[in-house]
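Here are the chains, one letter per residue:
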Amino acid sequence: MVFLTPYHKTRYHPSEFRGANSRGPREVFNRAHSSLRSCIERAFGILKARWKILEKMPKYSMYDQNRIICAAFALHNYIRLSKVHDPAFNVIDKDLNFIPPEAISDVAPMQEEAQQLGTNEMTKVRNDITTSLMIARRRHDS
């Protein structure tokens, strides 16, 4: 498995950007990466808090695990769109940055694994995304 990693030795975490703009293409990418990662962690954290099967995924095939995760997202979205009163959403809605602590307990090992799995192909993908972000930023600023 290969991950799209942030640029190393470059600011990454939101707290490092407080009151400061991104300086240079690598920081622009890392800031976008960090923002998207937080969003994804929040989504999975919410799902894991609601659907207990996701906390410790049983030994299903990757195909079945994928189907379980998609079903959890579909059920979550259905409940959300139907506007049914749901106590779980009350907790989530009070804090837009809510991520259950147990949802991110496995983040550090994944980062170490991702660093070992970096490839030339993913470096090219990261650089292409960085270029696209910079082009979009220039268009927005002009």
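A quick note: this is a predicted structure, and the numbers were derived from the prediction, not measured.

Engineer: Before we go on, may I ask you to explain the overall build of the chain in this structure?
Structural biologist: Secondary structure summary: the chain contains six helices and zero strands in total. Burial status across the chain gives 24% buried among its 142 residues. Long-range pairs, those at least 24 residues apart, make up 60% of the contacts in the chain with a sequence separation of at least 6. Of the roughly 10,400 Å² of accessible surface on the chain, a fraction of 58% belongs to carbon and sulfur atoms.

Engineer: Even after reading the chapter, I still don't get the pattern of salt bridges, so can you show me in this structure?
Structural biologist: Charged atoms that come close allow side chains of opposite charge to pair. Throughout the structure, instances matching the rule amount to six salt bridges. Of the charged contacts in the structure, one is a salt bridge between E27 and R11, with a shortest N-O distance of 2.6 Å. Note that E27 is positioned in helix 2 (residues 25-50) and R11 in the segment before helix 1 (14-17), a separation of 16 residues in sequence. Just as E27 is buried, R11 falls in that class too.

Engineer: Explain the confidence of the model for the chain here, please?
Structural biologist: Detailed conclusions should not be drawn from predicted coordinates in areas where pLDDT is low. Of the residues in the chain, 81% have a pLDDT of 70 or more, and the chain-wide mean is 79. Mean pLDDT values for the elements of the chain range from 48 in helix 5 (residues 107-116) up to 90 in helix 6 (residues 120-141).

Engineer: Where do I start with helix 2 in this structure?
Structural biologist: Because an α-helix packs 3.6 residues into every turn, residues spaced three or four apart end up facing the same way. Taking 1.5 Å of rise per residue, 26 residues should cover 38 Å, and helix 2 covers 38 Å from first to last C-alpha, within 8% of that figure. Within helix 2, the full set of buried residues consists of E27, V28, F29, N30, H33, S34, E41, R42, G45, I46, L47 and K48.

Engineer: Which parts of the structure should I look at to understand the packing of aromatic side chains?
Structural biologist: The full count for this structure, using the stated rule, is two aromatic pairs. Its guanidinium or amino end placed over the ring of W51, R50 lies 5.4 Å from that ring's centre, counting from NZ or CZ. Note that R126 overlies the ring of Y7, its terminal NZ or CZ placed 4.2 Å from the centroid.

Engineer: I would appreciate a short explanation of helix 6 in the present structure.
Structural biologist: Here helix 6 contains 22 residues, and its C-alpha end-to-end distance of 31 Å stays within 8% of the 32 Å for a straight helix at 1.5 Å per residue. What helix 6 keeps buried is the set M122, R126, T130 and M134. The buried residues of helix 6 all sit within an arc of 115 degrees when viewed along its axis, so they share a single face. Of the exposed residues in helix 6, those oriented more than 90 degrees away from the buried face are N120, E121, K124, R138 and R139. Those residues of helix 6 that are buried lie in contact with helix 2.

Engineer: Got a minute to help me understand the side chain of E27 in this structure?
Structural biologist: For E27, a relative accessible area of 8% translates into the label buried. Polar contacts involving the side chain of E27 include one to the side chain of R11, which spans 2.6 Å.

Cut-offs and rules
- Residues numbered from 1 in each chain as written.
- Predicted model: local features only at pLDDT ≥ 70, side-chain atom pairs only at ≥ 80, totals over all residues.
- Heavy atoms only, no water.
- Helix = DSSP H or I, 4+ residues; strand = E, 2+ residues; numbered from the N terminus.
- Buried < 20%, exposed > 50% of the residue type's maximum accessible area, 1.4 Å probe, protein only.
- Contact = heavy atoms within 4.5 Å.
- Areas by Shrake-Rupley, 256 points an atom, 1.4 Å probe, with all protein chains shown as cover.
- Salt bridge = Lys/Arg side-chain N within 4 Å of Asp/Glu carboxyl O.
- pLDDT = per-residue confidence, 0-100.
- Expected span 1.5 Å × (residues − 1).
- Phe/Tyr/Trp six-rings, centres within 6.5 Å; stacked < 30°, edge-to-face > 60°.
- Lys NZ or Arg CZ within 6 Å of the ring centre and 35° of its normal.
- Arc of directions from axis to C-beta.
- Polar contact = N/O pair within 3.5 Å; in protein donor to acceptor, adjacent residues only side chain to side chain.

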